[in-house]
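# Results of the structural survey
What follows is the residue order along each chain.
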Amino acid sequence: MSRLIKANYPGKKRLTETEAKNDLKFGPMPHWFKPWASEAVLISDAEARYALVHVHGDPVEYEVRTFITEEKLRWALDSLYNAHTCGAECVGIYYVTPDVPLRMYAVIETDDEDES
């Protein structure tokens, strides 16, 4: 049985050994930051396919950072989470990922009763 390691992410409190190794190597998975950060989907052919949007202040300000790889988004989310000090001024944090095509699977069976 795999040993669980304590983690400090809003949506992930324990990691398997494999998750912990990948966390150290590639950064934390974006969905581990839910509900602190919300996911948005980018439907575009833009080169920078990942983004981090921090909405805060009065009047509202938008800080937008774009990334070419998911790994850079992971590290940026981790950094923002650990240094976040906006408190009540924070309106929201969103991470943007590319649209994933819907995959549909079908099972095709032959009818054994049909002798034609």
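Structural data are supplied above this passage.
What this report covers is the structure whose coordinates are included nearby. These numbers were taken from a predicted model, which means no experiment stands behind them.

What follows is about the overall build of the protein. Of regular secondary structure, the protein possesses 2 helices and 6 strands. Each helix (α) and strand (β) of the protein, taken in turn from the N terminus, gives the series β-β-α-β-β-β-α-β. Counting only residues that meet the buried cut, the protein has 28% of its 116 residues in that class. Counting only contacts in the protein whose residues sit at least 6 apart along the sequence, the fraction spanning at least 24 positions is 55%. For the protein, the accessible area works out to roughly 8800 Å², and carbon and sulfur atoms hold 52% of it.

Bridge count between strand 1 (residues 5–9) and strand 2 (residues 12–15): 3 bridges; the pairing is antiparallel. Looking at the pairing, Tyr-9 lines up with Lys-12 of strand 2. Joining the antiparallel neighbours strand 1 and strand 2 is a turn of 2 residues.

Looking now at a negative patch on the surface. Taken together, the side chains of Asp-58, Glu-61, Glu-63 and Glu-89 define an acidic patch exposed on the protein surface. With respect to the secondary-structure elements, Glu-61 resides in strand 5 (residues 61–67).

A general feature of soluble globular proteins is that nonpolar side chains tend to end up buried together. Counting residues in each nonpolar core, the largest one holds 16 residues, and the members touching the most others are Ala-37, Leu-52, Phe-67, Leu-73 and Leu-77. Secondary structure elements with two or more residues in this core: strand 1, strand 4 (50–56), helix 2 (70–83) and strand 6 (90–98). With 4 residues, helix 2 is the single largest residue contributor to this core. Filtering out sequence-adjacent residues up to four positions away, Leu-52 remains in contact with Glu-63, Val-64, Arg-65, Phe-67, Leu-73, Ala-76, Leu-77, Leu-80, Ile-93 and Tyr-94.

Let us look at the side chain of Asp-23. When you line up the elements, Asp-23 lands in helix 1 (residues 17–26). One buried charge, Asp-23, has no salt-bridge partner; the nearest side chain with opposite charge is Arg-74, at 7.0 Å. If sequence neighbours within four positions are ignored, Asp-23 has contacts with Tyr-9, Leu-15, Pro-28, Trp-32 and Trp-75.

So, on to the environment of Tyr-9. Structurally, Tyr-9 is set in strand 1. Classification of Tyr-9 by relative accessible area gives buried; the value is 9%. Taking the C-alpha atoms as reference, Tyr-9 lies 10.0 Å from Pro-35; in sequence the two are 26 residues apart. Tyr-9 has contacts with Asp-23, Pro-28, Trp-32, Phe-33 and Asp-78, leaving out every residue within four places of it along the chain.

The rules behind each value
Residue numbers restart at each chain and count upward from 1, following the sequence in its written direction. Totals for whole chains, interfaces and linings use every residue, but because this is a predicted model, local features are given only for residues with pLDDT of at least 70 and side-chain atom pairs only at 80 or more, for both listing and counting. Water and hydrogen atoms play no part in the side-chain values, which are based on all heavy atoms of the structure. Helix and strand assignments follow DSSP, with helices taken as H or I runs no shorter than four residues and strands as E runs no shorter than two, numbered in order from the N terminus. Buried means the residue's accessible area, taken with a 1.4 Å probe over protein chains only, is under 20% of the maximum for its type, while exposed means over 50%, and partly exposed covers the values in between. We call two residues in contact whenever any of their non-hydrogen atoms come within 4.5 Å of each other. Reported accessibility uses the Shrake-Rupley method at a 1.4 Å probe radius. Residues are deemed covered only where the shown protein chains occlude them. Only strands that DSSP links by at least two bridges are regarded as paired with each other. Here the term patch refers to residues with relative accessible area over 30% and no salt bridge, with like charges joined within 9 Å and nonpolar side chains (Val, Leu, Ile, Met, Phe, Trp, Tyr) within 5 Å. In what follows, salt bridge is the name for a side-chain nitrogen of Lys or Arg lying within 4 Å of a carboxyl oxygen of Asp or Glu. Only four residue types enter the charge count: Lys and Arg as positive, Asp and Glu as negative, with His and the chain ends excluded. By convention, the point assigned to a charge is CZ for Arg, NZ for Lys, CD for Glu and CG for Asp. Residues belong to one nonpolar core when they are buried, are Ala, Val, Leu, Ile, Met, Phe, Trp, Tyr or Cys, and are joined through side-chain atoms within 4.5 Å.

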